[in-house]
Structure formats: C-alpha cells, structure tokens
Amino acid sequence: MMVSAQKKQVLTIWFENRFGKERLIPEQTFYLNGTDTLVINRFKYYVSHIQLTNTAGKTIVPENQYYLIDIADEKSTSVQITVPEGSYTGIQFLLGVDSSRNVSGVQTGALDPLNGMFWTWNSGYIMAKMEGTASSSMIAGKQFTYHIGGFRQHQQTARNIRLQTTPFHTSVTIVADAEKWLEGISIAKEPVCHSPGTLAVRIADNYSKMFSISVKE
Amino acid sequence: MRYPKTIVTILCLGILCTGWIQMGNYFRPTPIRFQVPKGWPQPLYNFKENPLTKEGIELGRQLFYDTRLSKDGSISCGTCHQQFGAFNTYDHNLSHGFNNSLTTRNAPGLFNLAWQKEFMWDGGINHLDLQPLAPITAENEMAESLAHVIQKLEKEKEYRKLFKAAFGDEAINTQRMTKALSQFLLTLVSSNSKYDRVKMGLDTFILPEKLGYEIFQKKCVSCHTEPFFTDFSYRNIGIPVDPFLKDLGRMKITGESKDSLKFRVPSLRNVMRTFPYGHDGRFFSVLSVMEHYRKNMVLSPTTDSLLKSRLSLSNFEIGQLTAFLYTLTDSSFLSNPAFAAPGKGISTTAPVDIHNN
C-alpha cells in the first residue's frame, strides 16, 4: 500500500457537555442526588494526544495538538483533525496535559498560561476545572471550585480516555457528563480543590469516567 | 554572451535584497555567548530553546524594571529585587506588594539562576521562564492578569519595536515576554568575589578569612556547597514554624510529611548584602543565624540529620566564619551598570527605606 497516495479527510469531534442527561448551560440550575441545587459557571478541560482506531484495527496518530474545551466558548467545543480517509470505531485521547509540557517553561496557544489553566506557585497545568455554587456548600458565596491538576508521581491527574463505538467517518460526538465529577465527593465537606493531592486524584478518577460517545452522521 | 545575463541577475537579486531589508524583514539579533566561569559546571538552563541575544537581554531588562507589569503601575520586579542587595529586597524581612500587602517569604538574591533547576524557597516553580508569572499574578505582589500585561505592552510603540528586534516580529505574548525576562535574569552571574579570586590564585586570604574558610569547610559546606554555596537541596534546619505564616515549605509542593519545614539551602554568595535571612527573613544578621545554629534550633522529626545535635560554634569560630563570609561579596556584580535600570546609572548607596516616605 502506498502511504503517500492515501487520501486525507477532516474529522470533526464535537464535545457535548452535559450535567446528567441535560445540556450543561452556564448559570442554569441542576439537581444533584435530589437534594442539592447546583449552578455551574465554569467548566473547562484540556484534550490532547488524540488517536483513532480504524475498522481494520489500525491506530492512527495525527500530529499532537492541545485543545481547551470551555463551555463559555462555543467554538472551543468542536475540534477538527485531518486523518486518512476511512472508517473509524475507536477514539483515544489524553484528558489533560502530558508531564513533559508541565516542565518545559511557558507554552503558547491553548497552553498559554494566560488562559488561567496554570498554577504559577506550583508549576503545572490545571487539567480540568469546574466552578459554581451549590446549596450544600458552607463557604462564602455557597461556592465550590475544583481546579484539578498535578503531574508528579502519585499526584497524576491527566487521564487516558478510550472510547469505542459503531463506525464513523467525518464526525463523532463525545459526551462529557459533569455530574460524574461529584461521585463520592461531598461539596459540603470538600468545597475546594486548588492544589495537587489526594482530592485532586479522586476527582480525576471520577472525570476519567465522564466520557461516552455517540455517532450522528 | 552569458556574463551580462549573470550580472543582470545579480543586480536584480541585490535590489530585491535591499528592498527586503528596508521593508524591515531583516532579522538578525546579535548573539551573546553565555560565559561559564572557570571550574563551574555547565548550566542547566536550556539555551537552545532561548538563545541569548543582545536585543533579548535588553528587552528583558526593560521589562524587569517596568512598573506596568503591576496592576496600578507602582511595582516592578526591580522594586522587590534590588541590585544593591544582590537583587533581594534590601533590609526587608518581607517585601511590599500591591496595595500595602506583604509577601509571605523573604525575597532571595537573584544570581547564578542558570544553574538552578527549581525556584522559590520551596522549589515550586520548575522553570525560570515560569517564574515571572507568579509575582505578576499574585494578589500580594503585582496583582495583575497576564492578559492585561500583554495588552499594556502591545499599546507601547517602543515595546513593539523591542519585541521585533528580539524576536523578529512585533507579536507580544506570554512566552516571548517571559523568555526575554529569563535572558536578562540569566546574565546575572556573580562569580567575581574575593573568594573567587583567591581560588584562581589572584588574591590571598588574610588569616581570619583563611581560618574561617577552614571552619566553613568542616561545618557548613555539606549544604552550602561550592561553587554556588548551596547544593540546591531542601532541608529543615530547625527554624520553628511561624504561627501566622504557617509555612510548611517543600511539603506544600510535594504533599509529603517528610518534607515538612524543609526549604531550599540558600546560596551564601553576597550574603553580607542579602540580610535579613531565612525563608521568612526572621534573622536580621549573620550573627543571629549563627546563634540559631548553636543555640536556638528546635529539633523535629524532619530536622536535617547533620544538625541533630545542633552546630557547635565558639565565639571565636563565629568571628572567623564571618570574616570568610565577607569574602563572598562580589562588588563588581553589585555595581555592574548592565544590570541597573535602563537609562539610570548604578546607585552605590542603599535604597531609600520605603517605610519612611
């Protein structure tokens, strides 16, 4: 097979952010466990190292890019990559930023520290961020803020995501369910996470389960 | 008949080139070689990613002394890092930040940063280029947002010119700004103290200095290791935690209790100028540090094994050690005009005390 002769196509990946079954819209009220009332103001996460598996089981590795998915920025919620023409059944990516970019100085583009996803006092990226208010919170303004990061051993919060589905060609939708972050987390007891550590790792384990895939073509 | 053709081609090329140069596309900043002092190891900073140039260093110096990097235009890096004090905050235990706030730690001197892997007393910052982001955005320092700093710089014609000279075009972004600051910071090499000259055979210690050096090699050098006078490790020397600052040091970064109360061993170069001492500036003189080592240490599980029985230091030894520490003052560094604020000569008097005006 001649690689150079292979035709290319654009694949669009849509990130559909939800809370449970509902679309995640900033400032809208959601209910958690039937008792807690929740409003989410910020929901952002990094996606990088996207790879695809085609129907023949072969892995395609496009050139790595970093994307910051942000519910406040409609444009950011779809990502376009160029791949060989074909039919795909699997998609893998890293939720977060790989360790090497956490130790290589100041980056540009989606990784520019001015995007507010970088800890300046303890170098490293915030892989994902969720902020809002909850009736169960007992801190000022009934807030909760989860800034999840950490790349060192035992503090790693980047997660490899692997999703399988029926064949897709030019577009695929990945659903991210913010409610999954809060499994086993008590907003009343743990309203804030602002540094690497065990709480960050627990929430990272939670958000590693927030993705599912749906094909609409 | 081939020559005329060739000549015409060359002429055309020549005209094209001059046109291109005049259009301002000609970009060749002046490379500067980083000088490694004799006998020192190779620097850790990756110069390949950020090659030093005359233009880059000059831009970095402008930025270092520019108060526009702070929210209300009152504070520059140079406000807290003063050349007279080897770029510490001279005579201040803690530094003054935005709106009468105070920092929570003592500002260390800035020099020989090219050999340093991690920054801050707890090593929380893992790259020199990342360092400026912390003071710029901290509420108790410059209290400004990065996006806003970039906007302010973009507005200045002078800066657009300087960025173009350093990086080839007028684009200003976080990466370019911090790379330029690093270039300036990297030039702050202090390697010309009396101690260095003695080591090179160009000078000799007087007796107290010589005796002091011998004591130093017995009692201090395992942590304050030559030639940097630090081994860059994190250690607990028995300084009890301040009840208000509650600063656990390295543990704040690693989250591990074995790192509780550990702070980076500070360099002792220029130490006679960098008072007050200790991570929160609680020691106002070298003598009080010595008293700490021999009498006031509070031992705890993470106290360094070398200090488990404190340090025995006689008054005589303290006198000799102090004489030796004076030989670490690098006056050519402290008065090098290349490091001073642009356009202003170097000041040889101590900075005005900001408490009194």
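The name given to chain B in an unreviewed UniProt entry is Cytochrome c peroxidase, with Sediminibacterium goheungense as the source organism. Regarding chain B, the relevant UniProt record gives this comment under Subcellular location (unreviewed entry): "Periplasm".

Looking at an unreviewed UniProt entry, chain A carries the name Copper-binding protein MbnP-like domain-containing protein, with the source organism given as Sediminibacterium goheungense.

Attention shifts here to the overall build of chain A. What chain A contains, in helices and strands, is two helices and 15 strands. Taking 2.2 N^0.38 as the reference for a compact globule, 217 residues should give roughly 17 Å; the C-alpha atoms of chain A span a radius of gyration of 18 Å, in line with that estimate. Across its three principal axes, chain A shows a C-alpha extent of roughly 65 × 40 × 30 Å. Put simply, chain A has 217 residues, and 54% of those count as buried. Across chain A, every contact between residues at least 6 apart in sequence was considered, and the portion connecting residues at least 24 apart equals 72%. For chain A, the computed accessible surface area is about 10,100 Å², with 51% contributed by carbon and sulfur atoms. Computing the positive centroid from 20 side-chain charges and the negative centroid from 18, chain A places the two 4 Å apart.

Right, let's get into the UniProt feature "binding site: heme c 2" (unreviewed entry) in chain B. Residues and elements named next belong to chain B. Residues annotated in UniProt with the feature "binding site: heme c 2" (unreviewed entry) correspond here to C220, C223 and H224. Tracing the backbone through its elements, the reader meets C220 in the loop between α9 (207-219) and β1 (234-235). Beyond its immediate stretch of four places on either side in the chain, C220 contacts I215 and L321. Within the secondary structure, H224 is located in the loop between α9 and β1. Residues contacting H224, with those up to four places away along its chain left out, are F216, F229, T230, V265, P266, L268 and Y293.

Moving on to the nonpolar core. Grouped together as the largest cluster of nonpolar side chains are 117 residues, with contacts concentrated most on A:Y45, A:Y146, A:W181 and A:F211. Take this core: its biggest share by element is eight residues, from strand β4 (residues 36-54) of chain A. Setting aside its immediate chain neighbours within four residues, A:F211 contacts A:F15, A:Y45, A:F93, A:L95, A:I161, A:L163, A:I174, A:V175 and A:A176. By size, the runner-up hydrophobic cluster in this structure holds 31 residues, among which are B:V198, B:F216, B:V221 and B:F229.

A few words now on the packing of helix α11 (residues 286-296) of chain B against helix α12 (residues 315-326) of chain B. Residues and elements named next belong to chain B. For the pair α11 and α12, interaxial distance at closest approach is 11 Å and the crossing angle is 135°. For the element pair α11 / α12, the angle class is oblique. The way α11 lies across α12 gives a crossing that is right-handed. Here α11 contributes V286, L287, M290 and R294 to the contact with α12, which in turn contributes N315, I318, L321, T322 and L325. Grouping the constituent residues of the contact of α11 with α12 by class yields six nonpolar, two polar and one charged.

Another aspect to go through is the pattern of salt bridges. Under the defined criterion, the tally for this structure stands at 29 salt bridges over all chains. The partner of A:R202 in a salt bridge is A:E190, and the shortest N-O contact between them spans 2.8 Å. Highlighted residues: A:R202 in helix α2 (residues 198-207) and A:E190 in the loop between β13 (171-177) and β14 (192-193), separated in sequence by twelve residues. The salt bridge partner of B:K258 is B:E256, with a shortest N-O separation of 3.6 Å. B:E256 sits in the partly exposed class, given a relative accessible area of 35%.

This brings us to the environment of B:K246. Residues and elements named next belong to chain B. Along the chain, K246 turns up in the loop between β1 and α10 (251-254). On the basis of relative accessibility, which here comes to 61%, the residue K246 falls in the exposed class. Spatially, the C-alpha atoms of K246 and D122 are 14 Å apart, while their sequence positions differ by 124 residues. A distance of 3.3 Å separates the side chain of K246 from the backbone oxygen of P243, its partner in a polar contact.

Turning our eyes to something else, we now look at the UniProt feature "binding site: heme c 1" (unreviewed entry) in chain B. Residue and element names in this part refer to chain B. Here, the residues flagged by UniProt with the feature "binding site: heme c 1" (unreviewed entry) are C77, C80 and H81. Of note, C77 is situated in helix α3 (residues 77-80). Note on C77: relative accessible area 14%, which makes it buried. Aside from chain neighbours lying at most four places away, what touches C77 is F64, L69 and M142.

This part is about the interface of chain B and chain A. On the side of chain A, 18 residues touch chain B, which itself brings 20 residues to the contact. Taken together, the links from chain B to chain A amount to zero salt bridges. At the junction of chain B and chain A, the tally comes to six residue pairs in polar contact (both at pLDDT 80 or more). If you list the elements that add at least two residues to the side of chain B that touches chain A, you get α4 (133-137), α5 (146-155), α7 (174-186) and α10 of chain B. The residue makeup of the side of chain B that touches chain A, split by class, is eight nonpolar, ten polar and two charged.

In this section: α2(A). All names here are of chain A. Summarising burial for α2: seven of the ten residues are buried, a large majority. Residues L199, A200, V201, I203, A204, N206 and Y207 constitute the buried set of α2. Residues of α2 that are buried in the fold lie against β8 (88-95), β10 (124-134), β11 (143-149), β12 (159-168), β14 and β15 (211-214).

We now examine α9(B). Residues and elements named next belong to chain B. Given a rise of 1.5 Å per residue, 13 residues ought to cover 18 Å, and the 18 Å separating the end C-alpha atoms of α9 matches this to within 8%. Taken together, the buried positions of α9 are occupied by E209, G212, Y213, I215 and F216. Projection of α9 onto a plane perpendicular to its axis shows the buried side chains occupying an angular sector of 165°, all on one side. Opposite the packed face of α9, turned more than 90 degrees from it, sit the exposed residues L207 and K218.

Here is what the cut-offs are and how they apply
- Residues numbered from 1 in each chain as written.
- Chains lettered and ligands numbered in written order.
- Predicted model: local features only at pLDDT ≥ 70, side-chain atom pairs only at ≥ 80, totals over all residues.
- Heavy atoms only, no water.
- UniProt positions renumbered as here; feature names shortened; annotations may be inferred.
- Helix = DSSP H or I, 4+ residues; strand = E, 2+ residues; numbered from the N terminus.
- Rg over C-alpha atoms; globule rule 2.2 N^0.38 Å.
- Buried < 20%, exposed > 50% of the residue type's maximum accessible area, 1.4 Å probe, protein only.
- Contact = heavy atoms within 4.5 Å.
- Areas by Shrake-Rupley, 256 points an atom, 1.4 Å probe, with all protein chains shown as cover.
- Lys, Arg positive; Asp, Glu negative; His and termini not counted.
- Charge placed at Lys NZ, Arg CZ, Asp CG, Glu CD.
- Core = buried A, V, L, I, M, F, W, Y, C linked by side-chain atoms within 4.5 Å.
- Axes fitted to C-alpha atoms, helices over the stretch in contact; angles between N-to-C directions.
- Parallel < 35°, antiparallel > 145°, perpendicular 65-115°, else oblique.
- Left-handed = near helix turned anticlockwise from the far one by under 90°.
- Nonpolar A, V, L, I, M, F, W, Y, C, P; charged D, E, K, R; others polar.
- Salt bridge = Lys/Arg side-chain N within 4 Å of Asp/Glu carboxyl O.
- Polar contact = N/O pair within 3.5 Å; in protein donor to acceptor, adjacent residues only side chain to side chain.
- Expected span 1.5 Å × (residues − 1).
- Arc of directions from axis to C-beta.

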